[in-house]
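Descriptive analysis of the structure
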Amino acid sequence: MRPVHTALAVLVAAVWGFNFVVIEIGLDHFPPLLLSALRFLVAALPAVFFVGRPKVAWKWVLGVGAALGIAKFGLLFTGMDAGMPAGLSSLVLQIQAVFTAVLASVVLRERPGRVRVTGMAVALAGIAVAAVDGGTSGPVLGFTLVVAAAACWGVSNVLTRKASPPDALNFMVWVCTVPVLPLFGLSLLLEGPERDLAALRALDWSGVGVIAYVAWISTVFGFGAWGYLLRRYPASSVAPFSLLVPVFGMSSAALVLGEQVSALRWVAAVLLVGGVALTSLAPARAAVSAQSRPAAAGASPAR
């Protein structure tokens, strides 16, 4: 990769890693489901009027929108609101690679080779260590919700592979339209109209900045840049940069939020990132078609 494109890939990883810190700050302003709904509303509008019609069937837009937008981000934001630290969330969420590999073996018949199986085992060991560390520093419920979010992310990754969108940004913008109304409805039902109205009435520049970052910088810029890189280079050259996301997530949470990174958490990070690297980058025995490879790589690092 050219140096400028390497720098762009690192920048996207940094943007996605720091996104967890921004979410943590945003949860001081908004209930989690309302924050997630606002993220997708602002990401979709006005971009949806400029990207053209969806280039895949609506069933894939709706499926990925439900799995990624409603389930994954709804669970992630709720888990972080329940006390899951931002840095640890950025790390634990990477277990999505294992869920993706398992689901792909069932749905797409991608038989994992020995290296992938080893990677999954190492990543699961990392999750076990992170669970022990999280059990001493955070609520079990928050940890469980983030793991469930990773599982939903795995579902959305497999659906995206099946969809094989030719334009990652076009696809993501249309996906962002799907969760808006369901998340607003869930927020009204579970968080209550009084809490939602109080958050909106108290909206200040800090809250506006949070929404702008998670919607435009993390979602629109992040996926636009990632899709641009995937169109210029093989997925095997771009995908490894996503492994930097938890590194930026944990370090920025420590610097900005003052989160303590224990020795046990560093052990979990080494195991999890190493296992994800083996799981994500090792080839499956049943090769994915050339058409689906860009979609697979493009789906993996969603934030």
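Below you will find a few notes about this structure. (Residues numbered from 1 in each chain as written. Predicted model: local features only at pLDDT ≥ 70, side-chain atom pairs only at ≥ 80, totals over all residues. Heavy atoms only, no water.)

A few words now on the overall build of the chain. Within the chain, the regular secondary structure consists of 15 helices and zero strands. The burial tally for the chain puts 53% of its 303 residues in the buried class. Excluding contacts between residues fewer than 6 apart, the proportion of contacts in the chain whose partners are at least 24 apart in sequence is 90%. Of the roughly 12700 Å² of accessible surface on the chain, 71% is carried by carbon and sulfur atoms. (Helix = DSSP H or I, 4+ residues; strand = E, 2+ residues; numbered from the N terminus. Buried < 20%, exposed > 50% of the residue type's maximum accessible area, 1.4 Å probe, protein only. Contact = heavy atoms within 4.5 Å. Areas by Shrake-Rupley, 256 points an atom, 1.4 Å probe, with all protein chains shown as cover.)

It is at 8 Å that the axes of helix H3 (residues 58-81) and helix H7 (residues 140-163) come closest, and there the two elements cross at 165°. On the basis of the axis angle, H3 is roughly antiparallel to H7. Where H3 crosses over H7, the two elements pack in a sense that is left-handed. Among the residues making up the contact of H3 with H7, the classes are represented as 16 nonpolar, six polar and two charged. (Axes fitted to C-alpha atoms, helices over the stretch in contact; angles between N-to-C directions. Parallel < 35°, antiparallel > 145°, perpendicular 65-115°, else oblique. Left-handed = near helix turned anticlockwise from the far one by under 90°. Nonpolar A, V, L, I, M, F, W, Y, C, P; charged D, E, K, R; others polar.)

For the rest of this paragraph, the subject is helix H5 (residues 96-107). The first and last C-alpha atoms of H5 sit 16 Å apart over twelve residues, in line with the 16 Å expected at 1.5 Å per residue. Along H5, the positions that sit buried rather than exposed are Gln96, Ala97, Val98, Thr100, Ala101 and Ala104. At the exit of H5 stands arginine 109, carrying a positive phi of roughly 60°. (Expected span 1.5 Å × (residues − 1).)

This part covers helix H9 (residues 180-191). Look at H9: 15 Å from first C-alpha to last across twelve residues, which is about the 16 Å you get at 1.5 Å a residue. Listed in full, the buried residues belonging to H9 are Val180, Leu183, Ser187 and Glu191. Each buried residue of H9 lies within a common arc of 70° when the element is viewed along its axis, so the set occupies one face. Across from the buried face of H9, at angles greater than 90 degrees, the exposed residues are Leu181 and Leu189. Those residues of H9 hidden inside the fold are in contact with helix H2 (32-44), H3, helix H8 (168-177) and helix H10 (193-201). Note on H9: the residue one or two positions beyond its end, glycine 192, has a positive phi of about 90°. (Arc of directions from axis to C-beta.)

As a further point, take the environment of threonine 78. Along the chain, threonine 78 turns up in helix H3. Taking relative accessible area as the criterion, threonine 78 reaches 27% and is therefore assigned partly exposed. The spatial distance from the C-alpha of threonine 78 to the C-alpha of leucine 35 is 9.9 Å, given a sequence separation of 43 residues. In contact with threonine 78, not counting residues within four places along its chain, are Pro32, Leu33 and Leu145. Here the side chain of threonine 78 touches glycine 74 through a polar contact of 2.6 Å, landing on its backbone oxygen. (Polar contact = N/O pair within 3.5 Å; in protein donor to acceptor, adjacent residues only side chain to side chain.)

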